[in-house]
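Residue-level listing of the chains:
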Amino acid sequence: MVLDNGRGTGDFGNIRRVAMISVHTSPFATPGGKDAGGLNVYVRELSRQLGRRGIAVDVFTRRVAADMPDVVPVGDNVRIVYITAGPVAPLPKDDLFPYLGAFASEMALFGLRDGVSYDVIHSHYYLSGWVAHLLGRYWAAPVVQMFHTLGALKKDAARAVGAHDGHESRQRIEIERRLIGEVDAIVAANARERAEMTWWYGQHTPKIHDIPCGIDLDLFQPGDRAAARAALGFDAAPVLLFVGRIDPVKGLEFLLDGYAALRATWTDGSPPRLVIVGGDLTPAGLGDDLARIHAQAAAKGIADGITFAGSQPHERLPEYYNAADLVVVPSRYESFGLVAVEGMACGTPVVASRVGGLPYTVEDGINGFLMPYGAVDQLAAASAHVLRDPALWAHLSAGAITTAQRFGWEQVTERILALYRTVVAQRLAPVGGEIAVYAGD
């Protein structure tokens, strides 16, 4: 059902219009590119789900090209609104803070020009959270914040892998700490992320609610493996699949070492192939990020076994998951681990690091295996164990499909809506009056 002017008319306890804020990255960017990953997928899919329920959603993101129109309808009751703040060009997200005041002002002007107001502001990442903080009083709307990643944890993870961590600034961490104290509600992907906010930021607050990320179970489902492999040009060799941004915390160096150890001990015919989905491909070949990974692989003598697929449209990822024998998530830090759940929904077992939110989705011997980050021999052994044992693979595949059913967008959206109703009721309640209590956790 498409409603005129994008105005929602659903009966959701005073929830008719939601402002989604994603300052630094467009929710419609291709996952796997720079600054494009699970956050993009989450904002896009949640907006679509709300729109299908008759709630109008405006998704605000920064204009990075002069030919971008002001407003683009992108689904039932969903519009993307491009805001001019700072140079009309791509900028590193670490350079965007000085333009957040302008972003908030332009959002306010848009509301005036369009004649709309918002019942809830839902902000994503700390930059968007600061914009929402600036707008919350002006619009008299409650703010729901989802960080997706936390500066303190990314800084710690980068240090652990020996990467430069200066970009996770003290400013970011202090803003996150302030937002935890001031927004109306915070969505954490699992109990671990909620605990990490308390531990790293020194704030224990009941406003943090555990609501997992969702996946599209109509898109991510088991398919014809032979057809998927043929479509992608894969031969009979087993396939390990990595999907994600090319970022130090994603653990690609750990994966390369594990893959080298697996190949060194493989005696069952053609050695496994590693397929990397993510990063930039250019007409001349590999972009700088993938060229660096290729050079590391070449130094280890395994470059001939790696296929670089580059960033792929979200709609094409099920083909890769279905073609793979294993999805590998070697990250040093994952707040949720969307790739693991997408892979499981397609029936592909997962081998992953025991970090962040991954233990809440990957279960040893049920749908895959977990190991400490950096445990190269364990990564190689677990992968070989699954690849060599068809009965085990079938058992894990069935468990993976069952696990993924818990994360369908239908259930996740209902829990988000319940939280929206609570924060709106709290704003509307008279002093001393009763307020709704969120019961979704």
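Parameters and conventions
Residues numbered from 1 in each chain as written. Predicted model: local features only at pLDDT ≥ 70, side-chain atom pairs only at ≥ 80, totals over all residues. Heavy atoms only, no water. Helix = DSSP H or I, 4+ residues; strand = E, 2+ residues; numbered from the N terminus. Buried < 20%, exposed > 50% of the residue type's maximum accessible area, 1.4 Å probe, protein only. Areas by Shrake-Rupley, 256 points an atom, 1.4 Å probe, with all protein chains shown as cover. Axes fitted to C-alpha atoms, helices over the stretch in contact; angles between N-to-C directions. Parallel < 35°, antiparallel > 145°, perpendicular 65-115°, else oblique. Left-handed = near helix turned anticlockwise from the far one by under 90°. Contact = heavy atoms within 4.5 Å. Pairing = 2+ DSSP bridges. Arc of directions from axis to C-beta. Salt bridge = Lys/Arg side-chain N within 4 Å of Asp/Glu carboxyl O. Polar contact = N/O pair within 3.5 Å; in protein donor to acceptor, adjacent residues only side chain to side chain. Phe/Tyr/Trp six-rings, centres within 6.5 Å; stacked < 30°, edge-to-face > 60°. pLDDT = per-residue confidence, 0-100.

Q: So what's going on with the overall build of the chain? Residues and values would help.
A: Helices and strands together make up the secondary structure of the chain, namely 14 helices and 16 strands. Relative to its full complement of 441 residues, the chain shows a buried share of 57%. A total of about 17400 Å² of accessible surface is found on the chain, and carbon and sulfur atoms cover 53% of it.

Q: Tell me about the packing of helix α2 (residues 100–114) against helix α3 (residues 125–139), and please be specific about residues and values.
A: Closest axis-to-axis distance for the α2/α3 pair is 9 Å, and the angle between their directions is 45°. Taken together, α2 and α3 sit at an angle that is classed as oblique. Handedness of the α2/α3 crossing: right-handed. Of the residues in α3, those in contact with Leu100, Gly101, Phe103, Ala104, Met107, Ala108 and Leu112 of α2 are Leu127, Trp130, Val131, Leu134, Leu135, Tyr138 and Trp139.

Q: Can you tell me about the pairing of strand β13 (residues 306–310), naming the residues and giving the values?
A: Across the five residues of β13, four count as buried, placing the element largely inside the fold. The sheet contact formed by strand β10 (residues 273–277) and β13 spans four bridges and is parallel. Counted as the bridge partner of Val277 is Gly310 from β13.

Q: Provide a residue-level description of the sheet that holds strand β14 (residues 326–329), including the pertinent values.
A: Taken together, six strands build an open sheet; the order of strands is β13-β10-β9-β14-β15-β16 and the sheet is parallel. Edge positions in the open sheet fall to β13 and β16 (368–371), since each of these has one partner strand only. Neighbouring strand axes in the sheet, compared pairwise and without regard to direction, differ in orientation by 20° on average. Where strand β9 (residues 239–243) and β14 come together, two bridges link them in parallel fashion. Opposite Leu240, over in β14, you have Leu326 as the bridge partner. Lying over the sheet, helix α12 (residues 376–388) contacts β9, β14, β15 (350–353) and β16, oriented at roughly 170° with respect to β16.

Q: Just give me the short version of helix α7 (residues 225–232), but keep the residues and values in it.
A: Taken together, the buried positions of α7 are Ala228, Arg229 and Leu232. Buried residues in α7, looked at end-on, bunch into an arc of 95°, giving them a common side. With respect to the buried face of α7, the exposed residues turned more than 90 degrees away are Ala226 and Ala230. If you follow the buried residues of α7, they end up packed against β9 and α10 (317–323).

Q: With reference to specific residues and values, describe the pattern of salt bridges.
A: In this structure the tally under the stated criterion is 24 salt bridges. In this structure, Asp58 engages Arg17 in a salt bridge whose closest nitrogen and oxygen atoms are separated by 3.0 Å. Of this pair, Asp58 sits in strand β2 (residues 56–62) while Arg17 sits in strand β1 (residues 17–21), and the two are 41 residues apart along the sequence. We classify Arg17 as buried; its relative accessible area is 5%. Here the salt bridges share partners, and the residues they tie into one network are Arg17, Asp58, Arg79 and Asp114.

Q: Now, about the side chain of His148: what can you tell me, with residues and values included?
A: Tracing the chain through its elements places His148 in the loop between β6 (143–146) and α4 (151–160). By relative accessible area, which is 10% here, His148 ends up buried. Within the structure, the side chain of His148 is placed 2.9 Å from the side chain of His124, a separation counted as a polar contact. Ignoring sequence-local partners within four residues, the contact set of His148 consists of Leu39, Tyr42, His124, Tyr125, Glu193, Tyr333 and Ser335.

Q: Describe the packing of aromatic side chains, with residues and values.
A: Scanning the model with the defined rule gives nine aromatic pairs in all. Taken together, a centroid distance of 5.7 Å and an interplanar angle of 85° make the contact between Phe60 and Phe110 edge-to-face. Taken together, the residues span a long stretch of sequence, with Phe60 in strand β2 and Phe110 in helix α2 at a distance of 50 residues. By the burial criterion, Phe60 is buried, and Phe110 matches it. Aromatic pair Phe60 and Tyr118: ring centres 6.0 Å apart, planes at 75°, arrangement edge-to-face. Residue Phe60 is located in strand β2, and its partner Tyr118 is located in the loop between α2 and β5 (120–124); the two are separated by 58 residues in the primary sequence. The same class applies to Phe60 and to Tyr118, which are both buried. One aromatic cluster is present, built from ring pairs that chain together Phe60, Phe110, Tyr118 and Trp139.

Q: A description of the confidence of the model for the chain should follow, citing residues and the corresponding values.
A: Mean pLDDT for the chain: 89, with 89% of residues reaching 70 or above. Segment residues 1–11 is flagged for pLDDT under 50; beyond a separation of four residues in sequence, or across chains, it makes 26 contacts in the model.

Q: Describe the sheet that holds strand β8 (residues 208–210), listing the residues and the values that go with them.
A: With respect to topology, eight strands assemble into an open sheet ordered β3-β4-β2-β1-β5-β6-β7-β8, the strand pairing being mixed. Of all the strands in the sheet, the pair left with one neighbour each is β3 (71–75) and β8. When the angles between neighbouring strand axes are averaged without regard to direction, this sheet yields 25°. As defined by bridge partners, β1 adjoins β5 across four bridges and the pair is classed as parallel. Residue pairing for β5: Val18 is matched across the bridge by Val120. Lying over the sheet, α3 contacts β1, β5 and β6, oriented at roughly 160° with respect to β5.

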